[in-house]
Amino acid sequence: MSELDSEQEVAAVRAFNRFYTRKLGVLDQQLLKSPYSLSEARVLYELAHREDTSAKEIGSELGLDAGYLSRIVQKFDEAGLITSKPLPSDRRQYRLTLTAKGRQTFAKLERSMRDEVGAMLATLPHDGKARLIGAMAEIERLLGDSRGSSSPAVLREPRPGDMGWVVQSHGAFYAREYGFDSSFEGLVAEIAAKFLASFDASRERCWIADIDGTQVGSIFLVRHTDDVAKLRLLLVEPAGRGQRLGHRLVGECIAFARACGYRKITLWTQSNLVAARKIYQEAGFKLVATEPHRSFGQSLIGETWEMEL
């Protein structure tokens, strides 16, 4: 990455921050025409959703300067929004609790915030709302605490645009992890196009794994013959790992194949795809054939696995 590229990326992030703060109406003005700033509203929120919390804990959570937080607490105390009592363990620290007036004030502010955000979302088309929420979730994941656990993945049917994601994500992932060239992406595109063109809802399925609105995995079960189904395009992105998501996707394929009356599932993979092979083996698939070949810019050993149903 060049220095110019780095400067442009920093500038882009700063430009987005300026845009977003202006959009929410919290830049150098009171929040939603209330008597409270954004920081004050956040303190109210924390007090409404915590029990037996101290000013120090809230300050640490929100990253607020101790002096600034002290002034906020004093303002709330004078307005009758909170009560404060010294902590038995450290009498220099105070336990903060919202009063009835404080809870009423927060409830009114919360309604205003919901109405404001709802009005903003109402201006977007349906797909725009989904894209916006998905992008926000992705930003939170990328910039959040990497040690925190991610939301559980949801398995769903494909939506418009998902097939493009399947092709792009497979191409990028296998190029990055295994050095496959663009011919592999071409193969995935052919499989996805054929699925769309001749999809039989009674005997075929695609599942997209989704975490907070972002695709993190895929798998297909397609008709090979009347008695045999073929499992294709299993993928779990790094963001979806740690949930045994690959096992869930394969399990969905097996259950659906049985329900459709297939007698066997077959799949083709490569000997170096260790993680996928382990999933297939644990699900009950058996390796039935191997064949060296030159594909995707690599010398590979293709493997055929089968499972009797």
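Residues numbered from 1 in each chain as written. Predicted model: local features only at pLDDT ≥ 70, side-chain atom pairs only at ≥ 80, totals over all residues. Heavy atoms only, no water.

Here's the deal with the packing of aromatic side chains
1) Next: Under the defined criterion, the tally for this structure stands at 14 aromatic pairs.
2) Next: Taken together, a centroid distance of 6.1 Å and an interplanar angle of 65° make the contact between Tyr 45 and Phe 106 edge-to-face. Within this pair, whereas Tyr 45 is found in helix H2 (residues 38–49), its partner Phe 106 is found in helix H5 (residues 100–122), the two being separated by 61 residues in sequence.
3) Next: What makes Tyr 45 partly exposed here is its relative accessible area of 36%. (Phe/Tyr/Trp six-rings, centres within 6.5 Å; stacked < 30°, edge-to-face > 60°. Helix = DSSP H or I, 4+ residues; strand = E, 2+ residues; numbered from the N terminus. Buried < 20%, exposed > 50% of the residue type's maximum accessible area, 1.4 Å probe, protein only.)

Quick word on the pairing of strand S6 (residues 214–223)
1) Next: Burial analysis of S6 places 8 of its 10 residues in the buried class, the great majority of the element.
2) Next: Pairing analysis gives 7 bridges linking strand S5 (residues 205–211) to S6, with the strands arranged antiparallel. Of the residues in S6, the one forming a bridge with Ile 211 is Thr 214.
3) Next: Between S5 and S6, which pair antiparallel one after the other, the connecting turn spans 2 residues, and Asp 212 there sits at a positive phi close to 50°.
4) Next: Judged from the 6 bridges that link them, S6 and strand S7 (residues 228–236) form a sheet pairing that is antiparallel. Bridge pairing in S7 links Arg 223 to Ala 229. (Pairing = 2+ DSSP bridges.)

What to know about H5
Because an α-helix packs 3.6 residues into every turn, residues spaced three or four apart end up facing the same way.
1) Next: The end-to-end C-alpha separation of H5 is 33 Å, in line with the 33 Å expected for 23 residues at 1.5 Å each.
2) Next: Within the sequence span of H5, burial applies to Gly 102, Thr 105, Phe 106, Leu 109, Glu 110 and Met 120. (Expected span 1.5 Å × (residues − 1).)

Side note on the pattern of salt bridges
1) Next: Taken as a whole, this structure holds 10 salt bridges when the rule is applied.
2) Next: Note that Arg 42 and Glu 46 form a salt bridge whose closest N and O atoms lie 3.4 Å from each other. With a gap of 4 residues between them, Arg 42 and Glu 46 both fall in helix H2, about one helical turn apart.
3) Next: For Arg 42, a relative accessible area of 37% gives the class partly exposed.
4) Next: Look at Glu 46 and you get buried, because its relative accessible area is 9%.
5) Next: The closest approach of N and O atoms between Lys 278 and Glu 282, which form a salt bridge, is 2.4 Å. Taken together, the residues Lys 278 and Glu 282, both in helix H10 (residues 274–283) and 4 residues apart, mark about one turn of the helix. (Salt bridge = Lys/Arg side-chain N within 4 Å of Asp/Glu carboxyl O.)

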